[in-house]
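Observations on the three-dimensional arrangement
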Amino acid sequence: MSRIGKMPVTIPAGVTVNFDGSVVTVKGAKGTLTQEIVGDINVKVEGGEVLVEKKNDSAELDAKHGLYRALIHNMVVGVSEGYTKKLKVNGVGWKVAKQGNKVVLNVGFSHPVDFAEPAGIKLECPTANEIVVSGIDKTLVGQVAADIRGIRVPEPYHGYGIAYSDEVIERKEGKTGGKGKK
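Here's a quick rundown of the structure.

Each value, and the rule that gives it
Residues numbered from 1 in each chain as written. Predicted model: local features only at pLDDT ≥ 70, side-chain atom pairs only at ≥ 80, totals over all residues. Heavy atoms only, no water. Core = buried A, V, L, I, M, F, W, Y, C linked by side-chain atoms within 4.5 Å. Buried < 20%, exposed > 50% of the residue type's maximum accessible area, 1.4 Å probe, protein only. Helix = DSSP H or I, 4+ residues; strand = E, 2+ residues; numbered from the N terminus. Contact = heavy atoms within 4.5 Å. Phe/Tyr/Trp six-rings, centres within 6.5 Å; stacked < 30°, edge-to-face > 60°. Lys NZ or Arg CZ within 6 Å of the ring centre and 35° of its normal. Expected span 1.5 Å × (residues − 1). Pairing = 2+ DSSP bridges. Axes fitted to C-alpha atoms, helices over the stretch in contact; angles between N-to-C directions. Salt bridge = Lys/Arg side-chain N within 4 Å of Asp/Glu carboxyl O.

**Overview of the nonpolar core**
Residues Leu 105, Leu 123, Ile 131, Val 133 and Ile 148 are the most contacted members of the largest nonpolar core, which totals 20 residues. For this core, the secondary structure elements donating two or more residues are β7 (83-90), β9 (102-106), β10 (113-116), β11 (121-124), β12 (130-135) and α3 (138-151). It is α3 that contributes the most residues to this core, four residues altogether. Apart from the residues within four sequence positions on either side, Ile 148 is in contact with Leu 87, Leu 105, Phe 115, Leu 123, Ile 131, Val 133 and Ile 162. By size, the runner-up hydrophobic cluster in this structure holds 19 residues, among which are Val 15, Ile 37, Val 52 and Val 76.

Here it is as structure tokens:
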């Protein structure tokens, strides 16, 4: 039995959850999300809670039980509060700026890199060294943040690169001068 799967998902005010056989639809103030449910999983909406139940005790359903409960919880939080990821840009002369629906990154290449804003995601640059990725889909927010970070992954010697705001970069010492050979 999945301990996560057994926990009910509380539905906040202003959010509606519907299940029609194989698709869960969650509507809220920030938007609408859907998730297809595959397998012998049943979703019940009772009172102000969502319960995810499995129809039999197979190992495959044990894994899906907790997964679908977590996905539904992420959808409820997304349409009510939303998700954000913050990235920081660290490098001499490196900067980012928002131009229309894209972010222009000057991060040490011979040319600026344009990153277009995907559908369902909002990109902001509050300072020249900060990028904020926000949206209602937790998976999409995390993937877009990872894609931006992948443009220039932080390196361990100087710490240059694009990193998550809460990421700790393990620093290396680098080469020492040596005292010469005798």
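Right, picking up where we left off after that structure.
**As for the packing of aromatic side chains**
Per the counting criterion, the structure on display carries one aromatic pair. Geometrically, the ring pair formed by Trp 94 and Tyr 160 is tilted, given 5.8 Å between the ring centres and 50° between the ring planes. Residue Trp 94 is found in the loop between β7 and β8 (95-99), and its partner Tyr 160 is found in the loop between α3 and β13 (161-164); the two are separated by 66 residues along the sequence. Judged by its relative accessible area of 11%, Trp 94 is buried. Across the ring face of Tyr 164, the terminal group of Lys 85 is positioned such that the distance to the ring centre comes to 5.1 Å. Directly above the aromatic system of Phe 109 lies the positively charged group of Arg 152, at a separation of 4.6 Å from the ring centroid.

**Looking at the side chain of Lys 64**
If you trace the backbone, Lys 64 turns up in helix α2 (residues 59-80). Filtering out sequence-adjacent residues up to four positions away, Lys 64 remains in contact with Val 38 and Ile 41.

**Here we look at α2**
Across its 22 residues, α2 extends 33 Å between first and last C-alpha, which sits within 8% of the 32 Å expected from 1.5 Å per residue. For α2, the full list of buried residues reads Leu 61, Lys 64, His 65, Gly 66, Tyr 68, Arg 69, Ile 72, Met 75, Val 76, Val 77, Gly 78 and Val 79. Looking one or two places after α2, you find Gly 82, whose phi comes out positive at around 90°.

**Digging into the sheet that holds β10**
Strands pair in a sheet through their backbones, by hydrogen bonds, and they do so in one of two ways: parallel or antiparallel. As summarised here, the arrangement of the three strands in space is β8-β9-β10, forming an open sheet in which the pairing is antiparallel. Every other strand in the sheet has two partners, leaving β8 and β10 as the edge strands with one partner each. Between one strand axis and the next, the sheet turns through 25° on average, direction left out of account. Pairing geometry for β8 and β9, over five bridges, is antiparallel. Bridged to Ala 97 within β9 is Val 104. Seen against the sheet, α3 touches β9 and β10 and runs at an angle of roughly 175° to β10.

**What about the pattern of salt bridges?**
What the rule picks out here adds up to eight salt bridges. Between Lys 122 and Glu 124 there is a salt bridge, with its nearest N and O atoms 3.2 Å apart. You can call Glu 124 partly exposed: its relative accessible area is 31%. Here the salt bridges share partners, and the residues they tie into one network are Lys 54, Asp 57 and Asp 62.

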